[in-house]
Amino acid sequence: MEHRTNHLSTADMQADDAAHHLHPFTDTLEINERGARIITEARGVYLRDSEGNSMLDAMAGLWCVNIGYGRKELAEVAYRQMLELPYYNAFFMTSHPPAIALAKKLAELMPGDLNRVFYASGGSEANDTNIRLVRHYWASMGKPEKTVIIARKNAYHGSSVGSGSLGGMAGMHAQGGLPIPDITHIDQPYWYAEGGDMSPGEFGLARARELEKEIERIGEGKVAAFIAEPVQGAGGVIIPPSTYWPEIQRICDEHEILLIADEVICAFGRTGNWFGSETFNIRPDIMTIAKGLSSGYQPIGGSVVSERIAKDLDTHGGEFAHGYTYSGHPVAAAVALENLRIMEEEKIVDNVRDITGPYLSERWAALADHPLVGEARNIGFMGALELTPDKSARAPFAAGAGTVGLICREFCFSNGLVMRHVGDKMIISPPLVMTTEEIDELADKAWKCLDLTLAEAKSQGLMVAGER
Ligand SMILES: Cc1ncc(COP(=O)(O)O)c(C=O)c1O
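From a predicted model like this one, the values you see are computed outputs, not experimental measurements.

Some points on the domain arrangement of the protein chain
Here the domain parsing of the protein chain yields domain 1 (37-70 + 347-459) and domain 2 (73-345). Across the contact, 27 residues belong to domain 1 and 24 residues belong to domain 2. Listing elements by their share of the side of domain 1 that touches domain 2, those giving two or more residues are α3 (60-63), α15 (348-365), β11 (373-379), β12 (382-387) and β15 (425-428). In terms of residue class, the side of domain 1 that touches domain 2 is made up of 14 nonpolar, 7 polar and 6 charged.

Structure (structure tokens):
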């Protein structure tokens, strides 16, 4: 990696950062005391920080840099688009070539009859659109009382007031008055932690049937939609048992409610197919997309709506009084289109499905042999390790969720590996271009960091099982 940018010393940048920058999902006091880790460059699957340390980025940034860092083609497309038309909007009867071309490309790639996109700048905005869209849809169809959206505990759908309410993160709801009214949450299909003595299959069915019970409890005439991630990402790469999605699909088919698949993480190859909906045979009415759409090179997302819903809205909806200044931003749309072109040309999704995904599964599964790991699961290029003091009991640590996970995350950083911790789950979502050699490096470093974590946990007396 060649050095391109002149910047201040790490200490000076940390001081300026502490003085002027409020960080997302960060304890300000802590970051300001420790000083932020400052990432200055990235190429391929590697990051470099301001001290010159290189790190394998097993998280693809925040689950988004699917194509890897440093792709010149994307920079060139952005440059050309900025010179040609840096900005125009899609309000008030106008459009522009990049937004049109990307919409057409998305319709071609999408499963089923998902055919029309409403653009946003990211996943949170797109899910906010979905809240208004499904309620507007039912009102337009003469059923204005259908307003309730059923979501799931420990889901993540974004951080705005609307999307944070759809999400089921208790810590987020505790701040800022969430959730907004008419959103309810059912339990998640998290077998490892919540399955007890049930088989995964039985548990998957039981959790799916909670949706039917919730529809009955609220009354079908009041329910607008169900929203879920095909695989819960930020909740800890929770891969549902194989019985879960077919039962959810059956329930949605048998009831008059819309199904929203939030594929902000799963879309564009993450699960080994273009869409998580293909992997799990889901037929959504609306799909939320963002992240991998532009591989994170530009902020862009959207709600992709089925032809059936779009036609109903054409006929009955009138003006949808909703939109963002940057809906379909020309530079973001042009970059997303180029990203998708490269993904297709280089057969990146096929490669994950046929070669690197299976290889990652093999290397990842072997981490379950480590004494600290209760389960090693993955699907395509997303995975989790459940850390435990007692493998056979799938026990949590008595010290409280996240204590040991945090220790492991810090060992990863100091050993040149970016893995994230969610409580005591270590999670990965590598760039989809990661090679088999780089997967070896990831698995070898992960094992080493587990060893270091185990030794540290033992020395701190943390290998004690607690209650679920
Ligand atoms: C499933 C899902 N939906 C929505 C979002 C929110 O997207 P954004 O951060 O782009 O607003 C995320 C972000 O991680 C996500 O994982």
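Description of the nonpolar core
Core analysis: the largest hydrophobic core is formed by 135 residues, its most contacted members being Ile-149 and Leu-417. With 9 residues, the top contributor of residues to this core is helix α14 (residues 330-345). Composition of this core by domain shows at least three residues from each of domain 1 (37-70 + 347-459) and domain 2 (73-345). Every residue in contact with Leu-417, bar those within four places of it in the chain, is listed here: Met-55, Leu-56, Ala-58, Cys-412, Leu-442, Lys-445, Ala-446 and Cys-449.

Section: the sheet that holds strand β13 (residues 417-418)
What the 4 strands build is an open sheet, ordered β1-β2-β3-β13; its pairing is mixed. The open sheet terminates on both sides in strands that have one partner only, identified here as β1 (39-43) and β13. Sheet topology places strand β3 (residues 54-57) next to β13; 2 bridges connect them, and they run parallel. Note that in β13 the partner of Asp-57 across the bridge is Val-418.

Here we look at the site of the ligand
Lining the immediate environment of the ligand, one finds 16 residues, of which Gly-122, Gly-123, Ser-124, Gly-158 and Val-264 sit closest. The biggest single contributor to the shell around the ligand is helix α6 (residues 123-140), with 3 residues. Considered class by class, the residues forming the shell around the ligand number 6 nonpolar, 8 polar and 2 charged.

Description of the sheet that holds strand β10 (residues 301-306)
In space, the 7 strands of this open sheet follow the order β4-β10-β9-β8-β7-β5-β6, with mixed pairing throughout. The open sheet has two free edges, formed respectively by β4 (114-120) and β6 (183-186), since each of these has just one partner strand. In this sheet, adjacent strand axes meet at a mean angle of 25° when their direction is disregarded. As paired elements, β4 and β10 share 6 bridges and run antiparallel to each other. Along β10, the bridge assignment pairs Arg-116 with Val-305.

Rules of the game
Residues numbered from 1 in each chain as written. Predicted model: local features only at pLDDT ≥ 70, side-chain atom pairs only at ≥ 80, totals over all residues. Domains from an automatic or database assignment. Contact = placed C-beta atoms within 7 Å. Helix = DSSP H or I, 4+ residues; strand = E, 2+ residues; numbered from the N terminus. Nonpolar A, V, L, I, M, F, W, Y, C, P; charged D, E, K, R; others polar. Core = buried A, V, L, I, M, F, W, Y, C linked by C-beta atoms within 7 Å. Buried ≥ 20, exposed ≤ 12 C-beta atoms within 10 Å, placed from the backbone. Pairing = 2+ DSSP bridges. Near = placed C-beta within 6 Å. Axes fitted to C-alpha atoms, helices over the stretch in contact; angles between N-to-C directions.

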